[in-house]
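# Secondary and tertiary structure notes
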Amino acid sequence: MKRPRSADPAESTGALLTLFQPGNYMGEPYAIPGENQLRMTDAVWGMGNACRGEEAFSQALPLYGMTGVSARGTLDDALAARRYSIACGKGDPAFIAARGMLGLMLHRHVHKFIVLVRGTAERESTALSLSAYLEQSARVMPGVPVPTLTVYANGESDMTAEGTKLGLLQLRRFACDTSPQILLMNREYCNRPENLLLRPDVLLDGHTPLSILTPANPVVVTISGSAAEVRTLLDRSSVFSPLCTLSFTESADTTGCTVPVYTPGMHQETVMDFEMEQITL
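## So, the state of the cysteines
- For the structure shown, the criterion picks out 0 disulfides.
- Between Cys 244, a free cysteine, and Cys 51, which holds the nearest cysteine sulfur, the sulfur-to-sulfur gap is 8.8 Å.
- A relative accessible area of 0% places Cys 244 in the buried class.

Below you can see the structure in the form of structure tokens.
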């Protein structure tokens, strides 16, 4: 598929704000399991995303209709799993993702995001890009909360006691901090049996570190150059029990594994009918 023109960050963020219907999102506390040796108080609580009703993502199909994308097969599974995609065209998917996450933090009070990438090299480059874009965007978006970006890199050293404890502290900070949080990690960390996330740990009274993350109902974000890579990324994301999944790709996803909710040049005036005041990011 030919790549369309560059995505407009205001348009794409407006589509996301339309997708996330207002008044449906809030923070919700949950108990952190175990952590006997990490606990500083008697009660340790995390703060996760919560969703109030079935109408929270009710505009997915109307947005899909505006994109002009023809998906192969039914979108029923993608709708049920809340898997959505944003085509960025010639724009940088990391930049469009950064602006979208900030918009959701500011206008929808969605505060927990996990960004999955492929391998160490992409993790480092994405971390640099996101850090720069988040800082730049925060300067031009009055009132936007500045999120903490945590790069989880302990998969390379998680067989050591020091690496394990550092990794748990990173995950605990992501879960427990009440301010907006973005956790960046390799996608392969999610499904390797020997990895820290899936291995029961004495510091958590025999629970897995993944048990810290799943109650947070994070929004999982994937960034890929091609829509063909989306399915593999989504296979990893399901372990987090996400509130939803947002895949930022160059070209529109026609496979049917996500619901396309934005493409460059889509009928933006129709999107603006839903919430015109929110499209000024």
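## Remarks on helix H1 (residues 9-19)
- The buried fraction of H1 is high, at 11 of 11 residues.
- Looking only at H1, the buried set comprises Pro 9, Ala 10, Glu 11, Ser 12, Thr 13, Gly 14, Ala 15, Leu 16, Leu 17, Thr 18 and Leu 19.
- Regarding H1, its N-cap is Asp 8, as a side-chain oxygen of that residue lies 2.9 Å from the backbone nitrogen of Ala 10 further along.

## Details of helix H2 (residues 60-67)
- Listed as buried for H2 are Ala 60, Leu 63, Tyr 64, Met 66 and Thr 67. The buried residues of H2 occupy one face: seen down the axis, they fall within an arc of 160 degrees.
- Once H2 ends, the next one or two residues include Gly 68, with phi positive near 80 degrees.

## Structural notes on the packing of aromatic side chains
- This model, assessed by the stated rule, comprises 5 aromatic pairs.
- Taking 4.9 Å as the distance between ring centres and 70 degrees as the angle between the ring planes, the aromatic pair formed by Phe 20 and Phe 57 counts as edge-to-face. Placement of the pair is Phe 20 in the loop between H1 and strand E1 (25-31) and Phe 57 in the loop between strand E2 (45-51) and H2, with a sequence separation of 37 residues. The residues Phe 20 and Phe 57 share a single accessibility class, namely buried.
- We note Lys 112 situated over the ring of Phe 174; from NZ or CZ to the ring centre the distance is 5.4 Å.

## Some details on the sheet that holds strand E3 (residues 83-87)
- The 7 strands are arranged E5-E6-E4-E7-E8-E3-E9 in an open sheet whose pairing can be described as parallel. The sheet is open, and its two edges are formed by strand E5 (148-151) and strand E9 (259-262), each paired on a single side. Each strand axis lies, on average, 25 degrees off the axis of its neighbour in the sheet, ignoring direction.
- Those strands touched by helix H4 (residues 93-108) are E3, strand E4 (112-117), strand E6 (181-186), strand E7 (219-223) and strand E8 (244-249), and its axis lies near 165 degrees from that of E7.
- Set on the sheet, helix H5 (residues 119-140) makes contact with E4, E5, E6 and E7; between it and E6 the angle comes to about 160 degrees.

## Quick notes on the pattern of salt bridges
- In this structure the tally under the stated criterion is 2 salt bridges.
- Across the salt bridge formed by Glu 122 and Arg 118, the nearest N and O atoms sit 2.6 Å from each other.
- Classification of Arg 118 by relative accessible area gives partly exposed; the value is 30%.

## What about the nonpolar core?
- Residues Leu 19, Phe 20 and Leu 246 are the most contacted members of the largest nonpolar core, which totals 54 residues.
- If one sorts the elements of this core by residue count, H4 sits on top with 9 residues.
- Setting aside chain neighbours within four positions, we find Phe 20 in contact with Tyr 25, Ala 56, Phe 57, Leu 104, Arg 108, Val 110, Val 219, Leu 243, Cys 244 and Leu 246.
- Of all hydrophobic cores here, the second largest spans 12 residues; its members include Leu 116, Leu 171, Leu 197 and Val 220.

## Concerning the environment of Ser 241
- Within the fold, Ser 241 resides in the loop between helix H8 (230-237) and E8.
- The exposure class assigned to Ser 241 is partly exposed, which follows from its relative accessible area of 40%.
- Sequence spacing of Ser 241 and Pro 218 is 23 residues, and the spatial spacing of their C-alpha atoms is 7.7 Å.
- Apart from the residues lying within four places of it in its own chain, the contact partners of Ser 241 are Thr 214 and Asn 217.

## Observations regarding the side chain of Asp 253
- Tracing the backbone through its elements, the reader meets Asp 253 in the loop between E8 and E9.
- The charged side chain of Asp 253 is buried without a salt bridge, its nearest counter-charge being Arg 72 at 6.6 Å.
- A polar atom in the side chain of Asp 253 sits 2.6 Å from the side chain of Thr 255.
- A distance of 2.5 Å separates polar atoms of two side chains, one belonging to Asp 253 and the other to Thr 258.
- Aside from chain neighbours lying at most four places away, what touches Asp 253 is Val 69, Ser 85, Ala 227, Thr 258 and Pro 260.

## Re the confidence of the model for the chain
- Overall, the prediction assigns the chain a mean pLDDT of 83, with 84% of residues at 70 or greater.
- In the model, residues 269-281 has pLDDT below 50 throughout and makes 27 contacts with residues more than four positions away in sequence or in other chains.

Conventions and cut-offs
- Residues numbered from 1 in each chain as written.
- Predicted model: local features only at pLDDT ≥ 70, side-chain atom pairs only at ≥ 80, totals over all residues.
- Heavy atoms only, no water.
- Disulfide = S-S within 2.5 Å.
- Buried < 20%, exposed > 50% of the residue type's maximum accessible area, 1.4 Å probe, protein only.
- Helix = DSSP H or I, 4+ residues; strand = E, 2+ residues; numbered from the N terminus.
- Polar contact = N/O pair within 3.5 Å; in protein donor to acceptor, adjacent residues only side chain to side chain.
- Arc of directions from axis to C-beta.
- Phe/Tyr/Trp six-rings, centres within 6.5 Å; stacked < 30°, edge-to-face > 60°.
- Lys NZ or Arg CZ within 6 Å of the ring centre and 35° of its normal.
- Pairing = 2+ DSSP bridges.
- Axes fitted to C-alpha atoms, helices over the stretch in contact; angles between N-to-C directions.
- Contact = heavy atoms within 4.5 Å.
- Salt bridge = Lys/Arg side-chain N within 4 Å of Asp/Glu carboxyl O.
- Core = buried A, V, L, I, M, F, W, Y, C linked by side-chain atoms within 4.5 Å.
- Lys, Arg positive; Asp, Glu negative; His and termini not counted.
- pLDDT = per-residue confidence, 0-100.

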